[in-house]
Amino acid sequence: MGLLVLDRRDMALRLDGEAAAVYEGGRRAGSVPLKLVDQLVVQGSGIVVEASVLGRVAEQGGMGVVLSGRYGRRVAWVLGPSHHDVTARLAQARAVTDPPQVDAWALRVVLGKLRHQHRFLCRALALRPDAHKPLHDALRRLEAALAQLDAKQATVCNPGAAALRGIEGAAAAAYFDGYGSLFPPALGFNGRNRRPPRDPVNACLSLAYTLLHAQAVQACQCAGLDPLLGLYHRPAHGRASLASDLIEPMRPLVDEWVWRLVRDGLVRPEDFRHEGDACLLGKSGRERFYPAYGQVRRKAARWLRWTCADLVRQWRRQGCALLPEDGVPGIEDD
């Protein structure tokens, strides 16, 4: 299953049997079998997508994602029907208000993220001896943060939310100090910034994180979980908090991919333009960005399937105990 992207003003997508016909400038340019599409991304304005195409993608468990043309922010999702088993969602809703479950999950999320950051910087250090000092310093600071979290896990004594976020924040500062040393100074990358991203590295990170988050929403939906009810990222209006939880340990995967994307010249400084404070990835860069992103999608899909299945097993057991033995009669039972 793959990613289909429409990102030019004169493009259109129309249903043609079991395929989607692609039009550019009013002329048919080709077709794509819809059974191969699990995520349809529409970025920008002036693009026409027939409702029947979106419906077919969603019906087979896929997802439509609409992104703004300027910054690549998520504007809308189109999702198919969710899994019909209510037991996991019932227990998930209760877990959000259960401090022991919240603390255990939060510790798991942050530990996973920091361990993956550490492994990535170790690989980078082996490849970039010229950046030894900043990478070595970042690794030592990450190891100190991991030691604090490992001690908490070993004693089954989870830190409170404030303490955990403090440790994660200090680790993030260390990590991005090391990460920034991997890029040429001319790119102007001095740490994470967004809304809008202000340099080419952050422009790539923001777009890739947006795609990853959409993939996590889709995985939750297919597994029968509620993407809005997160534990580490607390539920908030308009935020898919569980999806945000799920992608935290995978962010270093995206970070490493973006570094390699820049290092290998798949995106170059001339692929970006600046509008005010914003740095935007242009058409030429997107033509290489999206095909290369497939390797991240494939790795993320495996992680998301495994993690969602693990959560469903845990929460389904809890949810079954919360329901009456014979279930609750619904309208269809009257």
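Before reading on, note that the structure itself is shown above.
Residues numbered from 1 in each chain as written. Predicted model: local features only at pLDDT ≥ 70, side-chain atom pairs only at ≥ 80, totals over all residues. Heavy atoms only, no water.

**Describing the side chain of Lys113**
Inference 1: Considering the arrangement of structural elements, one finds Lys113 in helix α3 (residues 99-127).
Inference 2: Given the relative accessible area of 11%, Lys113 is considered buried.
Inference 3: Ignoring sequence-local partners within four residues, the contact set of Lys113 consists of Glu168, Glu248, Pro249, Arg251 and Pro252. (Helix = DSSP H or I, 4+ residues; strand = E, 2+ residues; numbered from the N terminus. Buried < 20%, exposed > 50% of the residue type's maximum accessible area, 1.4 Å probe, protein only. Contact = heavy atoms within 4.5 Å.)

**Quick look at the pairing of strand β7 (residues 63-67)**
Inference 1: By the criterion of burial, β7 is predominantly enclosed, with four of the five residues buried.
Inference 2: As defined by bridge partners, strand β5 (residues 37-43) adjoins β7 across five bridges and the pair is classed as parallel. Bridge pairing in β7 places Val41 opposite Val65. (Pairing = 2+ DSSP bridges.)

**Here's the deal with the nonpolar core**
Inference 1: Ranked by size, the top nonpolar core spans 83 residues in total, and within it Tyr179, Phe183, Leu225, Leu246, Trp257 and Phe289 carry the most contacts.
Inference 2: Per element, the largest residue contribution to this core is 15 residues, and it comes from helix α6 (residues 200-223).
Inference 3: Discounting residues that sit within four places of it in the chain, Phe183 has contacts with Phe189, Val201, Val258, Trp259 and Val262.
Inference 4: Residues Met11, Val22, Ile47 and Val53 belong to the second largest nonpolar core, which totals 13 residues. (Core = buried A, V, L, I, M, F, W, Y, C linked by side-chain atoms within 4.5 Å.)

**Focus on the pattern of salt bridges**
Inference 1: Counted by the stated rule, this structure contains 19 salt bridges.
Inference 2: One salt bridge connects Arg56 with Glu18, and the closest N-O pair in it is separated by 3.3 Å. Taken as a pair, Arg56 in helix α1 (residues 51-59) and Glu18 in the loop between β2 (11-16) and β3 (19-24) lie far apart in primary sequence, 38 residues in all.
Inference 3: Residue Arg56 is classed as partly exposed on the basis of its relative accessible area, which comes to 23%. (Salt bridge = Lys/Arg side-chain N within 4 Å of Asp/Glu carboxyl O.)

**Some remarks on a nonpolar patch on the surface**
Inference 1: Among the surface-exposed residues, Val86, Leu90, Leu322 and Leu323 lie close enough to one another that they form a single nonpolar patch of about 270 Å² accessible area.
Inference 2: Here Leu323 is to be found in the segment after α9 (283-322). (Patch = residues over 30% accessible without salt bridge, like charges linked within 9 Å, V, L, I, M, F, W, Y side chains within 5 Å. Areas by Shrake-Rupley, 256 points an atom, 1.4 Å probe, with all protein chains shown as cover.)

**As for the packing of α6 against helix α8 (residues 251-263)**
Inference 1: At their nearest, the axes of α6 and α8 sit 10 Å apart, and the two run at 140° to each other. Viewed along their axes, α6 and α8 adopt a mutual orientation that is oblique. Handedness of the crossing formed by α6 with α8: right-handed. Contacts from Val201, Cys204, Leu205, Ala208, Tyr209 and Leu212 of α6 reach α8 at Arg251, Val254, Asp255, Trp257, Val258 and Leu261.
Inference 2: Here the residues of the contact of α6 with α8 sort into 10 nonpolar, no polar and two charged. (Axes fitted to C-alpha atoms, helices over the stretch in contact; angles between N-to-C directions. Parallel < 35°, antiparallel > 145°, perpendicular 65-115°, else oblique. Left-handed = near helix turned anticlockwise from the far one by under 90°. Nonpolar A, V, L, I, M, F, W, Y, C, P; charged D, E, K, R; others polar.)

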